[in-house]
Amino acid sequence: MIELDIERCKGCELCTTACPVNILVLSAEKVNSKGNAVIEMSDPSKCIACARCAQVCSDTAITVYRNK
C-alpha cells in the first residue's frame, strides 16, 4: 500500500514508469493546492509494495507500507 502526500506531488509521473504492475496513473480530476495533477492508484489491491515508486520520487511524496 502506498500513501501519497498530494501537496508534495507535482505530477511528474516518474513513479508511473517505475511501477512494475502499472497501477499508478496521473489523475484526470484530482489536483493539489498548487494546481498540479496528482498521482493515484488505479487498483490498490495489485500493489506489491516494491517501493520503486518511492525510490524515484524526487519530492518524497510517496511512502510505502507493507501489509502484514
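Everything here concerns the structure above.
Fair warning: this is a prediction, and the values are worked out from it, not measured in the lab.

Q: In this structure, what is going on with the overall build of the protein chain? I would like to understand it.
A: Within the protein chain, the regular secondary structure consists of two helices and four strands. In sequence order, the protein chain lays out its α and β elements as β-α-β-β-α-β. Scaling as 2.2 N^0.38, a compact globule of 68 residues should have a C-alpha radius of gyration of about 11 Å, and the protein chain matches this with 11 Å. Viewed in the frame of its principal axes, the protein chain has a C-alpha envelope of about 35 × 20 × 20 Å. Residues counted as buried form 28% of the 68 residues belonging to the protein chain. As presented, the protein chain carries roughly 4,500 Å² of accessible surface, and 50% of it is formed by carbon and sulfur atoms. Distance from the positive charge centre (8 side chains) to the negative charge centre (8 side chains) of the protein chain: 9 Å.

Q: Whenever I open this one, the state of the cysteines confuses me. Can you help?
A: Defined simply, a disulfide is a covalent bond joining two cysteines at their sulfur atoms. By the definition in use, this model includes zero disulfides. The thiol sulfur of Cys-50 is not disulfide-bonded, and the nearest other cysteine sulfur, from Cys-19, lies at 6.2 Å. Its relative accessible area of 29% is what places Cys-50 among the partly exposed residues. Unpaired in this structure, Cys-53 has its nearest cysteine sulfur neighbour in Cys-50, at a distance of 6.2 Å. The class for Cys-53 is buried, based on a relative accessible area of 7%.

What counts, and where the lines are drawn
Residues numbered from 1 in each chain as written. Predicted model: local features only at pLDDT ≥ 70, side-chain atom pairs only at ≥ 80, totals over all residues. Heavy atoms only, no water. Helix = DSSP H or I, 4+ residues; strand = E, 2+ residues; numbered from the N terminus. Rg over C-alpha atoms; globule rule 2.2 N^0.38 Å. Buried < 20%, exposed > 50% of the residue type's maximum accessible area, 1.4 Å probe, protein only. Areas by Shrake-Rupley, 256 points an atom, 1.4 Å probe, with all protein chains shown as cover. Lys, Arg positive; Asp, Glu negative; His and termini not counted. Charge placed at Lys NZ, Arg CZ, Asp CG, Glu CD. Disulfide = S-S within 2.5 Å.

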